[in-house]
Structures are given as structure tokens and as C-alpha cells.
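Structural overview
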Amino acid sequence: MSEPKILKIYRQERKKFFLFYLLILIVFSLFSVADYIPDSISVTRGNTVSIGGFLPVTRTVRSDDEAVESFGNLGTAECGVYEMECRLLGIVPIKSVTVNIVEDTQVIPCGVPVGIYIETAGVYVADVAEVETADGSAANPSRHILQAGDYITAVDGAAVSSKEELVESVRDSGGKTLLLSVVRDGETIACEVTPVKNADGEYQIGVWVRDDLAGIGTLTYVTEEGSFGALGHSISDTDTSEQVVMKEGTVYLADILSIIKGTKGNPGELVGQIQYTQDQVLGMITENLPNGIFGVLDNLPEELSAAEAVSVGYKQEITEGTAEILAEIDGEIGSYEVEIESIDMNASELNKSLLFYVTDEELIEKTGGIIQGMSGSPILQNGKIIGAVTHVFVSDPREGYGIFIEDMLEGE
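1. Description of the pattern of salt bridges
Where charged atoms from two side chains of opposite charge approach closely, those side chains can pair. Applying the stated criterion to the full structure yields 11 salt bridges. Across the salt bridge formed by Lys 176 and Asp 156, the nearest N and O atoms sit 2.9 Å from each other. Highlighted residues: Lys 176 in the loop between α2 (163–171) and β12 (178–184) and Asp 156 in the loop between β10 (151–155) and β11 (158–159), separated in sequence by 20 residues. For Lys 176, a relative accessible area of 45% gives the class partly exposed. Between Asp 239 and Arg 210 there is a salt bridge, and its shortest N-O distance comes to 2.9 Å. Of the two residues, Asp 239 is situated in the loop between β17 (227–230) and β18 (246–260) and Arg 210 in strand β16 (residues 207–222); the sequence distance between them amounts to 29 residues.

2. Concerning the side chain of Thr 133
Looking at the element boundaries, Thr 133 is found in the loop between β8 (131–132) and β9 (138–139). Classification of Thr 133 as buried rests on a relative accessible area of 12%. Among the polar contacts made by the side chain of Thr 133, one reaches the side chain of Ser 137 at a distance of 2.7 Å. When residues no more than four places from it in sequence are discounted, the contact partners of Thr 133 are Ala 139, Lys 197, Asn 198 and Ala 199.

3. Here's the deal with the environment of Ala 309
Tracing the backbone through its elements, the reader meets Ala 309 in the loop between β21 (292–297) and β22 (310–311). Taking the C-alpha atoms as reference, Ala 309 lies 9.5 Å from Ile 385; in sequence the two are 76 residues apart. In this structure Ala 309 touches Gln 106, Val 107 and Ile 108, once residues within four positions along its chain are discounted.

4. A short note on the environment of Leu 178
With respect to the element layout, Leu 178 can be found in strand β12. By relative accessible area, which is 3% here, Leu 178 ends up buried.

5. Quick look at the nonpolar core
Counting residues in hydrophobic clusters, the biggest one holds 23 residues, and the most contacted among them are Ile 116, Ile 118, Leu 219, Phe 228, Ile 285 and Ile 293. Every element with two or more residues in this core is listed here: β7 (113–128), β16, β17, β18, β20 (281–289) and β21. Counting residues per element, this core draws most heavily on β7, at 5 residues.

6. Here we look at the pairing of strand β1 (residues 40–44)
Across the 5 residues that make up β1, a large majority, 4, are buried. Taken together, the 5 bridges between β1 and strand β5 (residues 92–102) define a ladder with parallel strand orientation. Note on β5: the bridge partner recorded for Val 43 is Ile 101.

7. Things to note about the sheet that holds strand β24 (residues 333–343)
Overall, antiparallel pairing links the 6 strands, which are arranged β23-β24-β25-β28-β27-β26 in a closed barrel. Across the sheet, the mean angle from the axis of one strand to that of its neighbour is 45°, orientation sign disregarded. The pairing of strand β27 (residues 384–393) with strand β28 (residues 396–404) spans 6 bridges and is classified as antiparallel. Bridged to Gly 387 within β28 is Phe 404.

Calculation rules
Residues numbered from 1 in each chain as written. Predicted model: local features only at pLDDT ≥ 70, side-chain atom pairs only at ≥ 80, totals over all residues. Heavy atoms only, no water. Salt bridge = Lys/Arg side-chain N within 4 Å of Asp/Glu carboxyl O. Helix = DSSP H or I, 4+ residues; strand = E, 2+ residues; numbered from the N terminus. Buried < 20%, exposed > 50% of the residue type's maximum accessible area, 1.4 Å probe, protein only. Polar contact = N/O pair within 3.5 Å; in protein donor to acceptor, adjacent residues only side chain to side chain. Contact = heavy atoms within 4.5 Å. Core = buried A, V, L, I, M, F, W, Y, C linked by side-chain atoms within 4.5 Å. Pairing = 2+ DSSP bridges. Axes fitted to C-alpha atoms, helices over the stretch in contact; angles between N-to-C directions.

Okay, here's the thing in C-alpha cells:
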């Protein structure tokens, strides 16, 4: 007896659906594997490329004109940039990875809190505001003209670099329209603003401005040549969260006066004091970038006088599990245990590539976990520096994010 036609059609359709969902599963798996593999890696010359973990991935590293060696041993390769082809089960192409072969890089891990002072590249506009005029009415002369994040660099062609210079230019305007040179999103534009007279008889344009920022942060590393990296993230304006465009900056010795412990909903803080005198200057800040602040030290903090350099550990060498952070909490640098919970090889935000949890009871007792001012504290694993602390979870100060040290070193 032959199979009913309707049943035959049903079996054929079911087979099609099965093959369709199998194809989706394969595609999803390939995307998952590709995301697990980094887009680019750095490898110390002579070491083995270790990516893909437990996945059945074969790797062939190629230079411009020849295959260096399959399965990742780069002992014979010269320093330079190569392409590595990754295939699932040696058959299905997954990803092409850029491989930077480098000499062993060593830096001195720090963990020392420092005072940070920067001057903005122009007068920074934090917000526009209303001005109460002499007759009691409200005016907002800069509304829809200036905006938060602008940098005022000149008034009627005369350069201004400080709040005082801007205030003086506006005060002396006599109420006539001013032509402002403004840097917005990296481009210079011209804006016309007409000052109004406030209740005290002085002319204002209705803006909140600042020309400098200061705070406490932590040195991450220093090289033998004296270059340093700190924070693991940029210095940003407290009101707008915008990365500040810097004119120049200075690193000072800092005295930690007290500790505000972190609690749920309150990240806590290292409360410090900066003495802005020449004998307290450690060095100059030359760059304020998304992956940290960078510059050159003329003097090492006393705590680092006997510190030794360690090798850089690259992201493919990092494993989930025990690591340590270095931080100076009560007058001397201490080593505190943390647990690395996850490693994001291709994080969309570089300074959130590592997720870790503070397990050290001594640090939890002192600070509650990670607190403000500890950004930049170096993270070490297996004797190598692998990253730096960047953020704390407001919901739990024992949990935080970190940046790969190799991403910080790219800022130099």
C-alpha cells in the first residue's frame, strides 16, 4: 500500500524545515566562533599563537609572500604584521586575524595615586543658562547658538584661553554682538552672541564654562624611558561626560587624606589633596585619549624606587580565574586578589574588555571594593601585567571592568 500523498508532502516539508533550521544553527555557530576569536592580536616573538581555546580551529599564519607556519608557532618569524587564517575543522573559513609579532615588552606596574591637572584647549562650555536681567526678566542669549561641549577659542578675533579672559571680553563688550570662534566636534565655526546686562549691571552671555579640571587617579605603568600611562580611560567633563580636549596637563604627587568606602549605589572615593607646587610635579601629560592619559615622568614616586619591570601579557594569554591588582590605599602599594569573570576579545568599548570581581577580604574591608581614584590600578596575572582597572559597578563596588594593557600601550 503506497504512502498517502498528503503524508509524503508533510515528510518533505518537515525535511526542508529541518535543513533550514540546521543551516541557521550552523551560521549562528560560525558567528559565535568568529566573535570568540579576536580581530587582532599581539604575540611576543617566539611564542605560540593560542586563540580559539577548546574550539576545533586550525590556524595558518601568512606573511605577504609565504606561509610562516601552521598552528601558530612563530619562533622563526620576524617582528612585523601578519595575517592568520582561522578555519573550523580545517575546512570552513571563519576569520582572518591580524597578528602583530613583537619583541618582549616590559613596563613597571605602578598602582600609585597621583594628582592630575589639565587645562582645556579653549574655554569649555558645560551648559547654557538663563541670565536674570535688571528688570527681573529672564534672557538666554546663547540658547541655540552655543551648546555643551563647545570650546570658545577667540572673541572678535582675540584668542581666549581662560574663563577670566572670556568674562573680561564679554564685560567690556558694552552689549554689542560678539563674534566667537568655537570648536565643535573638531571643527571651528563662527557664532554671534549678543550679551545682556544682568541684575548687577554686568554683561553676560549665559554660559557655564570651565578652563581646567583636576582629580585623583592611579598610575598604571612606567617604561624604562619614563613614558607613563594612567587611568585606562579618558578624562571627561563631569557634567557632559564628553572627553576633554586638552591643551596641556601635569601629574603631581598626591596625598590620600581619607577613604569613602563603596557601597551598593555609591562607588566610594579616594579623597586626596594635590599641592600645585613645582617640587610636587612628577611629569607632564601629553595625551588624553579614550584608552587613558599618557605622558612623560621626570620623577618617580618614592614608592616605585625599587619597583621592577615585568613583561606585558597579551589578551589571548589571559584566562578566567585568579589575578591581582596593585593599589596604594593606606600609604603603601598592596597586592589584592580578584577573580576575572569574563574576557571580551572584541569589546565595543575598549575599557570594558575585562570583567572581574574583588575577592580580597582586606581590600573589601578597606574600600568596599573598587572606588573612584583607583582607575588605572594595574591588573597582573601569572607575573605579567595584563590590564588596568577602569570602571566600577555602582550596583556592586566589588565588581569592575578593566582594559587590556596592550590597548593602553597603543596610546603612546
